[in-house]
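Topology and contacts: notes
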Amino acid sequence: MDFVSIRIITGDVARLVEFYERATGARAMWATEDFAELKTAGATLAIAGTRTVPLFAPGSAHPADNHSVITEFLVDDVDRVHQNLTGFVTDFVTEPTTMPWGNRSLLFRDPDGNLVNFFTPVIEKFAR
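Criteria and cut-off values
- Residues numbered from 1 in each chain as written.
- Predicted model: local features only at pLDDT ≥ 70, side-chain atom pairs only at ≥ 80, totals over all residues.
- Heavy atoms only, no water.
- Core = buried A, V, L, I, M, F, W, Y, C linked by side-chain atoms within 4.5 Å.
- Buried < 20%, exposed > 50% of the residue type's maximum accessible area, 1.4 Å probe, protein only.
- Helix = DSSP H or I, 4+ residues; strand = E, 2+ residues; numbered from the N terminus.
- Contact = heavy atoms within 4.5 Å.
- UniProt positions renumbered as here; feature names shortened; annotations may be inferred.
- Pairing = 2+ DSSP bridges.
- Axes fitted to C-alpha atoms, helices over the stretch in contact; angles between N-to-C directions.
- Phe/Tyr/Trp six-rings, centres within 6.5 Å; stacked < 30°, edge-to-face > 60°.

If you check an unreviewed UniProt entry, the protein appears there as VOC family protein from Actinoallomurus vinaceus.

The structure is reproduced here in structure tokens:
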């Protein structure tokens with residue numbers, strides 16, 4: 001089994017796709033107006049509108065209602081990324097901080113309030 005993607009359900013697909021394109025530098029591939037994917041080397045971030053939820057199970061997911069998941073991206077230089085996002089990201093939760101487990105992390109919220117972590121290992125533990 002391979003973990004390949006995470007999907008965010010949103011009330012405004014275009015807004016969230018634009019945010020993640022700008023934040024990550026990845027270009028979205030649109031399947032429909034209700035579904036787009038941003039592919040990276042390690043996984044895919046899927047963004048889907050609320051009209052897709054009933055295709056799985058009506059009422060099973062709600063936009064802007066995440067209180068437990070942090071979507072994480074490995075970046076080369078989290079401090080440089082922080083500088084690039086300043087003025088664009090409106091809700092930084094923490095400035096770049098070195099965590100006890102060896103990552104330098106930048107935590108912020110996307111326009112729907114979902115937590116996003118951009119991090120750079122301080123100690124070499126992620127092979128590229």
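Ranked by size, the top nonpolar core spans 23 residues in total, and within it Y20, L38, L45, I47, L85, F108 and F118 carry the most contacts. Every element with two or more residues in this core is listed here: helix 1 (13–24), strand 3 (35–39), strand 4 (44–49), helix 3 (78–85), strand 7 (103–109) and strand 8 (115–121). Setting aside chain neighbours within four positions, we find L85 in contact with R22, A23, F92, L106, F108 and F118. In this structure, I9, F35, A46 and V53 belong to the second largest nonpolar core, which totals five residues.

Once that is clear, we can look at the UniProt feature "domain: VOC" (unreviewed entry) in the protein. Those places that UniProt annotates as "domain: VOC" (unreviewed entry) correspond, in this numbering, to residues 1–121. The span residues 1–121 shows a helical share of 20% and a strand share of 40%, and its end C-alpha atoms are spaced 26 Å apart.

With mixed pairing, four strands are arranged side by side in an open sheet as 5-8-7-6. Every other strand in the sheet has two partners, leaving strand 5 (70–74) and strand 6 (92–98) as the edge strands with one partner each. Between one strand and the next, the sheet's axes are offset by a mean angle of 15°, whatever the strand orientation. In this sheet, strand 8 lies alongside strand 5 in parallel orientation, the contact comprising five bridges. Paired with F73 across the bridge in strand 8 is F118. Helix 1 contacts strand 5, strand 7 and strand 8 of the sheet and is inclined by roughly 15° relative to strand 8. Lying on the sheet, helix 3 is in contact with strand 6, strand 7 and strand 8; it crosses strand 7 at an angle near 20°.

Next up on the list: the side chain of H82. Its place among the elements puts H82 in helix 3. Taking the relative accessible area as the measure of exposure, H82 reaches 13% and is therefore buried. Contact partners of H82, with chain neighbours within four places excluded, come to F92, E95, P96 and L106.

Okay, the packing of aromatic side chains next. Across all of its chains, the model carries six aromatic pairs by this definition. Taken together, a centroid distance of 5.3 Å and an interplanar angle of 85° make the contact between F19 and Y20 edge-to-face. We note that F19, like Y20, is buried. An angle of 20° between the planes, with centres 5.2 Å apart, marks the rings of F19 and F88 as stacked.

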